[in-house]
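Chain by chain, the residues:
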Amino acid sequence: MCLFFDKLQSKSSGILSTKEEATRRQLLVSPLVTLIAFNCGLTVLPALAEDEEFQDKDEGVAGAFKSLFDPNEKTKSGKVLPKDYLKSAREVVKTLRESVKEDPNDMSKFRRTADAAKESIREYLGGWRGQKSVVNEESYVMLEKAIRSLASFYSKAGPSAPLPEEIKLEILDDLNKAEEAL
């Protein structure tokens, strides 16, 4: 291997400054060390941090791999929930909020946002309704409440009735509480 670097250095010594040579060597050696460590089963040990805040975090290469393949995710409140649930719930919050805030006078834009919200609600309910892993979570309860309020209004008033301001505020409040819990 030293022969390889000697050849490389002899070819580049006339062109690059010593600083550039060192940088180039680092660029070549760093991926090589990583590759050797990975293939030999060596692991990179994280440095010990004196601050407890840093010790709690899963950082580094091992943390990235774990996070990539872990089906769960830690919420802002510290609870561990399925990533798919969190993704689906966040999508419902986003699309339903956009739909409720949309001006009903611009019918094409209103329909577009309403259709997006309807689709995300269908996917959410289809995948998570009654699931024991999330049914007692505050985000789940608040999303169910917001969806029920919306469904109850439209079942009474009809599919094209404009949403009253008090129901909009109630739904937005429920969505905010759900988002806080996510």
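Residues numbered from 1 in each chain as written. Predicted model: local features only at pLDDT ≥ 70, side-chain atom pairs only at ≥ 80, totals over all residues. Heavy atoms only, no water.

Q: Would you explain the overall build of the chain in this entry?
A: A count of helical and extended segments in the chain gives eight helices and two strands. Traced from its N-terminal end to its C-terminal end, the chain shows the element sequence α-α-α-α-β-β-α-α-α-α. Put simply, the chain has 182 residues, and 30% of those count as buried. Across the chain, the fraction of contacts at a sequence separation of at least 24, relative to all contacts at a separation of at least 6, is 52%. (Helix = DSSP H or I, 4+ residues; strand = E, 2+ residues; numbered from the N terminus. Buried < 20%, exposed > 50% of the residue type's maximum accessible area, 1.4 Å probe, protein only. Contact = heavy atoms within 4.5 Å.)

Q: Is there a simple way to think about the pattern of salt bridges in this case?
A: One side chain can pair with another of opposite charge once the charged atoms of both are near each other. Counted by the stated rule, this structure contains six salt bridges. Linking Glu179 and Arg97 is a salt bridge whose minimum nitrogen-to-oxygen distance equals 3.1 Å. Of the two residues, Glu179 sits in helix α8 (residues 165–181) while Arg97 sits in helix α5 (residues 83–101), which places them 82 residues apart along the sequence. With its nearest N and O atoms 3.3 Å apart, the salt bridge here joins Lys177 to Asp173. Separated by four residues within a single helix, Lys177 and Asp173 lie in helix α8, roughly one turn from each other. Given the relative accessible area of 32%, Lys177 is considered partly exposed. (Salt bridge = Lys/Arg side-chain N within 4 Å of Asp/Glu carboxyl O.)

Q: Looking at this structure, I do not really get α8. What am I missing?
A: Compared with an ideal rise of 1.5 Å per residue, which puts 17 residues at 24 Å, α8 spans 24 Å between its outermost C-alpha atoms and is within 8% of the ideal. For α8, the set of buried residues is Ile167, Lys168, Ile171, Leu172, Asp174, Leu175, Ala178 and Ala181. On its buried face, α8 sits against α5 and α7 (138–157). (Expected span 1.5 Å × (residues − 1).)

Q: Before we go on, may I ask you to explain the nonpolar core in this structure?
A: Soluble globular proteins tend to pack their nonpolar side chains together in the buried interior. Ranked by internal contacts, the top residues of the largest apolar core, which has 29 residues, are Tyr85, Leu96, Tyr124, Leu143, Leu163, Ile171 and Leu175. Taken together, the elements giving at least two residues each to this core come down to α5, α6 (107–128), α7 and α8. The residues contacting Leu163, other than those within four sequence positions of it, are Val100, Leu150, Phe153, Tyr154, Lys168 and Ile171. (Core = buried A, V, L, I, M, F, W, Y, C linked by side-chain atoms within 4.5 Å.)

Q: Help me out: how do you make sense of a negative patch on the surface in this one?
A: Taken together, the side chains of Glu91, Glu98, Glu119 and Glu123 make up a negatively charged region of the molecular surface. Elements with a contribution of two residues or more to the negative patch: α5 and α6. Along the polypeptide, Glu123 turns up in helix α6. Using a relative accessible area of 53% as the deciding quantity, one classes Glu123 as exposed. (Patch = residues over 30% accessible without salt bridge, like charges linked within 9 Å, V, L, I, M, F, W, Y side chains within 5 Å. Areas by Shrake-Rupley, 256 points an atom, 1.4 Å probe, with all protein chains shown as cover. Lys, Arg positive; Asp, Glu negative; His and termini not counted. Charge placed at Lys NZ, Arg CZ, Asp CG, Glu CD.)

Q: Help me understand the packing of aromatic side chains in this model?
A: By convention here, two paired aromatic rings are described through the distance between centres and the angle between planes. The full count for this structure, using the stated rule, is four aromatic pairs. A ring pair is formed by Phe153 and Tyr154, whose centres lie 5.0 Å apart and whose planes are at 70 degrees; its orientation type is edge-to-face. On the accessibility criterion, Phe153 (12% relative accessible area) is buried. By relative accessible area, Tyr154 is classed as partly exposed at 23%. Within the aromatic cluster, the residues linked to one another by ring pairs are Tyr85, Tyr124, Trp128 and Tyr140. (Phe/Tyr/Trp six-rings, centres within 6.5 Å; stacked < 30°, edge-to-face > 60°.)

Q: When you look at the packing of α5 against α6 in this model, what are you seeing that I'm missing?
A: Think of two packed helices as two axes; the pair is described by the angle between the axes and how far apart they sit. Between α5 and α6, the least distance of the axes is 8 Å, while the angle of their chain directions is 155 degrees. The orientation of α5 with respect to α6, classified from their angle, is roughly antiparallel. α6 is crossed by α5, and the crossing has left-handed handedness. Seen from α5, the contacting residues are Asp84, Tyr85, Ser88, Ala89, Glu91, Val92, Thr95, Leu96, Glu98 and Ser99; seen from α6, they are Phe110, Thr113, Ala114, Ala116, Ala117, Ser120, Ile121, Glu123, Tyr124 and Trp128. Taken together, the residues of the contact of α5 with α6 sort by class into eleven nonpolar, five polar and four charged. (Axes fitted to C-alpha atoms, helices over the stretch in contact; angles between N-to-C directions. Parallel < 35°, antiparallel > 145°, perpendicular 65-115°, else oblique. Left-handed = near helix turned anticlockwise from the far one by under 90°. Nonpolar A, V, L, I, M, F, W, Y, C, P; charged D, E, K, R; others polar.)

Q: Mind showing me how you'd approach the environment of Ala117 here?
A: Relative to the elements of secondary structure, Ala117 occurs in helix α6. Sequence separation between Ala117 and Glu91 is 26 residues; the distance between their C-alpha atoms is 8.5 Å. Leaving out residues up to four positions away in the same chain, Ala117 has contacts with Thr95, Leu96 and Ser99.

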